[in-house]
Amino acid sequence: MAELCALLEAQFAERAFGEALATAEALIETEPSSAVGLRCQCACLVQLARADEALTLLDGHADAFGTSIVLPRGFSLYQKGELRDALQLLESALALASSGSDEGGGSDERAGMLHLVAQVHYKMGAYAEAAKAYRRVLAEDPSAAEDEEVCTNATAAYVMAGLPADALRLVQTQQQTRTSTKQHMYELVYNSACAHIVAGDLAQAEERLEEALSLSSQALQADEADDEEVAAEQAPIRVQKAFVAHSLGREADAQEGYLSVLRMKGHEAVDSTVAAVAANNLVALRGDRDLFDSAKRCKAALTDAVAAKLLPSQKLCFLANQVILTWHMGKPTLCREQLNALNNAFPESEVPVLLRAALLFRPKATSKEQPSVEAEECLAVWACKHPKIAARPLLALAQMQAHAPLPTAKGHVPIDPLRKAARTLAAIDQLRLSPRLVATVAALLERLGDVTAAADFLNETLDKLGRNKSILRPFVNSADAEGGSEGLQEGPLLRKHILILRGASTFFERHGLWHMVAQAQQQLLVADPRDISARARMVVAASHFDPNLAAEHDELLPEVVGAGEEEDVDVEALENLQLSVSNRHSSAVAASGKATGKRWVGDDVATPDPGMGPNKRRKKRKPRLPKDFDPAKPGLMPDAERWLPTKERSTYRKTKRDKKNAAQMRGPQGATVSAALDISTAKSTATAAAGSSATQLGEGGRNKKKKGGKKGAAAW
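This is a predicted model, so every value here is computed, not measured. (Residues numbered from 1 in each chain as written. Predicted model: local features only at pLDDT ≥ 70, side-chain atom pairs only at ≥ 80, totals over all residues. Heavy atoms only, no water.)

**Considerations on the environment of Gln 401**
The following threshold applies: By definition, any uninterrupted DSSP run of H or I lasting at least four residues is a helix, any uninterrupted run of E lasting at least two residues is a strand, and each is numbered from the N terminus. Burial status follows relative accessibility: with a 1.4 Å probe on protein chains alone, a residue under 20% of its type maximum counts as buried, one over 50% as exposed, and anything between as partly exposed. The criterion used for residue contact is that any of the two residues' heavy atoms lie within 4.5 Å.
With respect to the secondary-structure elements, Gln 401 resides in helix H24 (residues 391-403). We classify Gln 401 as buried; its relative accessible area is 8%. Between the C-alpha atom of Gln 401 and that of Thr 424, which follows or precedes it by 23 residues, the distance is 8.9 Å. Ignoring sequence-local partners within four residues, the contact set of Gln 401 consists of Glu 376, Pro 417, Lys 420, Ala 421 and Thr 424.

**Observations regarding the nonpolar core**
This is how the line gets drawn: Here, the term nonpolar core denotes a set of buried Ala, Val, Leu, Ile, Met, Phe, Trp, Tyr and Cys residues that are joined through side-chain atoms within 4.5 Å.
Of all hydrophobic cores here, the largest spans 50 residues; its most connected members are Leu 379, Leu 425, Val 441, Leu 445, Leu 458, Leu 462 and Phe 508. Sorting elements by how many residues they give to this core places helix H30 (residues 492-510) first, with seven residues. Not counting the four nearest positions on each side in its chain, Leu 379 is found in contact with Val 353, Leu 354, Ala 357, Pro 393, Ala 396, Leu 397 and Met 400.

**Regarding the side chain of Ser 216**
Among the secondary structure elements, Ser 216 is positioned in helix H13 (residues 202-222). Ser 216 sits in the buried class, given a relative accessible area of 1%. The residues contacting Ser 216, other than those within four sequence positions of it, are Tyr 186, Gln 234 and Ile 237.

**A few points about the packing of helix H17 (residues 272-286) against helix H20 (residues 312-328)**
Heads up, the condition is: Working convention: axes come from line fits to C-alpha atoms, limited for helices to the stretch in contact. Angles between N-to-C directions cover 0 to 180 degrees. Here the word oblique covers every angle except those under 35 degrees (roughly parallel), over 145 (roughly antiparallel) and from 65 to 115 (roughly perpendicular). For a crossing to be left-handed, the near helix must be turned anticlockwise from the far one by less than a right angle; the clockwise case is right-handed. As a working rule, the residues Ala, Val, Leu, Ile, Met, Phe, Trp, Tyr, Cys and Pro are called nonpolar, Asp, Glu, Lys and Arg charged, and the rest polar, with Gly in that last group.
Two numbers describe how H17 lies on H20: the axes approach to 11 Å, and their chain directions differ by 40°. In terms of their interaxial angle, H17 and H20 are classed as oblique. Our pair here, H17 against H20, has a crossing hand that is left-handed. In this structure, H17 contributes Ala 276, Val 277, Asn 280, Val 283 and Ala 284 to the contact, and H20 contributes Gln 314, Cys 317, Phe 318, Asn 321 and Leu 325. Taken together, the residues of the contact of H17 with H20 break down into seven nonpolar, three polar and no charged.

**Comments concerning unusual backbone geometry**
A positive phi angle, near 60°, is found at Ala 49, a position not held by glycine. Turning to its location among the elements, Ala 49 is positioned in the loop between helix H3 (35-47) and helix H4 (51-60). Phi angles above zero are rare outside glycine, and Asp 290 is one such case at about 55°. The topology assignment puts Asp 290 in the loop between H17 and helix H18 (291-301).

**Looking at helix H6 (residues 70-80)**
Among the residues of H6, those classed as buried are Val 70, Pro 72, Gly 74, Ser 76 and Leu 77. Positive phi shows up at Gly 81, right after H6, with a value of about 90°.

**Quick word on the pattern of salt bridges**
Rule in force here: The term salt bridge refers to a side-chain nitrogen of Lys or Arg lying within 4 Å of a carboxyl oxygen of Asp or Glu.
This structure, assessed with the given rule, holds 23 salt bridges. Salt-bridge contacts for Asp 450 lead to Arg 419; the nearest nitrogen and oxygen are separated by 3.3 Å. Of the two residues, Asp 450 sits in the loop between helix H26 (435-447) and helix H27 (451-467) while Arg 419 sits in helix H25 (residues 416-426), which places them 31 residues apart along the sequence. Residue classification places Asp 450 among the partly exposed residues on the basis of a relative accessible area of 22%. With a shortest N-O distance of 3.9 Å, Arg 530 and Asp 528 are connected by a salt bridge.

**Description of the confidence of the model for the protein**
Stated formally: Residue-level confidence of the predictor, termed pLDDT, takes values from 0 up to 100.
Across the protein, the average pLDDT comes to 75, with 73% of residues at 70 or higher. Here helix H39 (residues 686-703) is the element of the protein with the lowest mean pLDDT, 34, and H26 is the one with the highest, 92. Long-range and interchain partners of residues 365-369, a stretch whose pLDDT sits below 50, account for five contacts in this model, where long-range means more than four residues apart. The low-confidence segment residues 593-612, where pLDDT is below 50, has seven contacts with residues more than four positions distant or belonging to other chains.

**Re the packing of aromatic side chains**
Stated formally: Centres within 6.5 Å are what make two rings of Phe, Tyr or Trp a pair, Trp counting through its six-membered ring; a difference in plane orientation under 30 degrees is then read as stacked, over 60 as edge-to-face, and the rest as tilted.
Across all of its chains, the model carries three aromatic pairs by this definition. Here Tyr 122 and Tyr 127 contribute two aromatic rings whose centre-to-centre distance is 5.4 Å and whose plane-to-plane angle is 70°, an arrangement assigned as edge-to-face.

**A closer look at a negative patch on the surface**
For the record, the criterion: Like-charged residues are merged into a patch within 9 Å and nonpolar side chains (Val, Leu, Ile, Met, Phe, Trp, Tyr) within 5 Å, provided each residue has over 30% relative accessible area and no salt bridge. Computed by Shrake-Rupley with a 1.4 Å probe, the accessible areas treat only the displayed protein chains as cover when residues are assessed. When charges are counted, Lys and Arg contribute as positive and Asp and Glu as negative, whereas His and the chain ends are disregarded. By convention, the charge on Lys lies at NZ, on Arg at CZ, on Asp at CG and on Glu at CD.
Together, Asp 147, Glu 149, Glu 187, Asp 226, Asp 227, Glu 228, Glu 229 and Glu 233 line one region of the surface with negative charge. In terms of residue count, the dominant contributor to the negative patch is helix H14 (residues 227-233) (four residues). Tracing the sequence through the fold places Asp 147 in the loop between helix H9 (127-140) and helix H10 (148-160). Since its relative accessible area comes to 33%, Asp 147 is described here as partly exposed.

**Quick word on helix H12 (residues 186-199)**
So the rule is basically this: To estimate the expected span of a helix, count its residues, drop one, and scale the result by 1.5 Å.
In a regular helix each residue adds 1.5 Å, so 14 residues correspond to 20 Å; H12 covers 20 Å between its end C-alpha atoms and thus fits that length. Those residues of H12 not exposed but buried are Tyr 186, Leu 188, Val 189, Tyr 190, Asn 191, Ser 192, Ala 193, Cys 194, Ala 195, His 196 and Ile 197. Against H10, helix H11 (164-177), H13 and helix H15 (235-247) lie the buried residues of H12. Of the residues flanking the end of H12, it is Gly 200, one or two places downstream, whose phi is positive at about 90°.

**Details of the packing of H25 against H26**
It is the contact of H25 with H26, at a shortest axis distance of 9 Å, that shows an interaxial angle of 155°. Classified by the angle their axes make, H25 and H26 are roughly antiparallel. In the crossing of H25 with H26, the sense of the turn from one axis to the other is left-handed. Here Leu 418, Arg 419, Ala 421, Ala 422, Leu 425 and Ala 426 of H25 come into contact with H26, specifically with Leu 437, Thr 440, Val 441, Leu 444, Leu 445 and Arg 447. Residue composition of the contact of H25 with H26, by class: nine nonpolar, one polar and two charged.

Shown next, in the form of structure tokens:
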């Protein structure tokens, strides 16, 4: 038995789990009641992904495992895809351990259960819960921070939860503490590149991906891996690098990156999910090009085995791209079936309803009279059922309403669609205080001429900002407390609200609403009492209705440099000073004044100073010459009238045909126009005739050619 145990220990160290399973079975045959053999056998089955056999073993020997049965059972359920059962088992065990029972096992087993809970949340798509679970793991288990696998999974959870700053902070900490083994941290560097992508810093993400490629090459070559194995291990990094190039608009580089991974799809080291992501991104890159090849790639990529490994967000993207591709291929029936399947798989996602509305809004999708009615109803009903995640559907609904055709009389602007769009935008609670949404609603109402409604909307927004005292309280940094002058420490939320205040103030100024201007500037001064621009605008606004308030704020403004020289300014001369006019206008005014003998006001001021230089003359424009004209050998000068039509040149001589047509004018079909036209009728139709004469001459004059005439002698 001692020899078998020693052999098992060596096989586990070498991760030879297949051989270790045979050794564990031999150990159980030697001593059936050995708990060591059962646990080793279960561990080997879990490592070999034989979850059904592991669960059967656990159910048959529950007494031998005791309290340590929770972790292997939970991991087996996780492997089978029974995520909710695994999560319920693990959370109940952790709750019992926290209440004082010994159900949770030792500290190592508790840390393992916490880590598995985080992995289950990540697999279920609950990325925020996964991030919380990994924070708990790192807080309760100090040794977890030294585990590269835990840190890698934690950074991935932070990235997917939309917390790139936390992911970058963890990666930076790991790089500082592990300088000696930096080449083995390429997975962490890869996750930091993903964090930069989420943060929108694509240039930095591309640099980190290059660093991850370099570190992975060094680490794999140190492990004596060949070139094919290195390329297969680097496939996820290359796909992500191609995605960055795709996002930056470098389509050729992105396509080459995706194809390079797809060419080694058959390699055993290439994960099937990586190849599926590359195929999906390639289809998205091509758009409506190469549809049949894209359809084959989509069908081959999204198999049942691959779908079981994909994250929920990835599966949603795959199915949505299939719907779009099927529509482009002109298969509406199959497209509806795929869309229904997508809706059944993700009923709480807004992507299916957005796709359905887009397909209904397309031409020939519904009735010809009002193609957007059904699409608008679809979005409105879904937004009412899901108000917490209705931002994107409501934005799409507002866009459809703004572009909806409305039957109106000629010359009248359709007002109702824009008003409906403004109301829809104002009803989006998640974006109610977004500067772009506020500006769009105000602009729509102003476009309709309803300044009062736009002002009321902005006042309502400002009231919401004013009630939120935590947003507009002044933030002063340490340098200000010590007499520094670095200014406020503005957060992203405060910056957005200051943008709204400044935009609303500009709108009020444009329409002369000075009381509202003063209120907006007052809120800006609450946020930053040292804002000189806001205080100056406050003075201007208050001067229209409260001079005392304007004087109070004027005293707080800094002194103007050179203010002592104001006594030298002649105010009366400034009032009588005429604005500068062009030379042509001034010469015409002077000539008319001399002819009539009148003296214009301000002549003494407008008289040029004799000490000044002569008036600047306009530069004579150089004549336009042909491209092949040589000034050194001019020869015959080009004709100055070569730009004019032939009949308008001074050298043109009228022919008999021109003289005959001048005496008798004909209509478009050769009909003679009567000279006895009514004068009132001619005056009323002059504009229409002038606008349509070119078309008439073009249609009638070209078809009616007289035999024997010169070719190309048409008037137009």
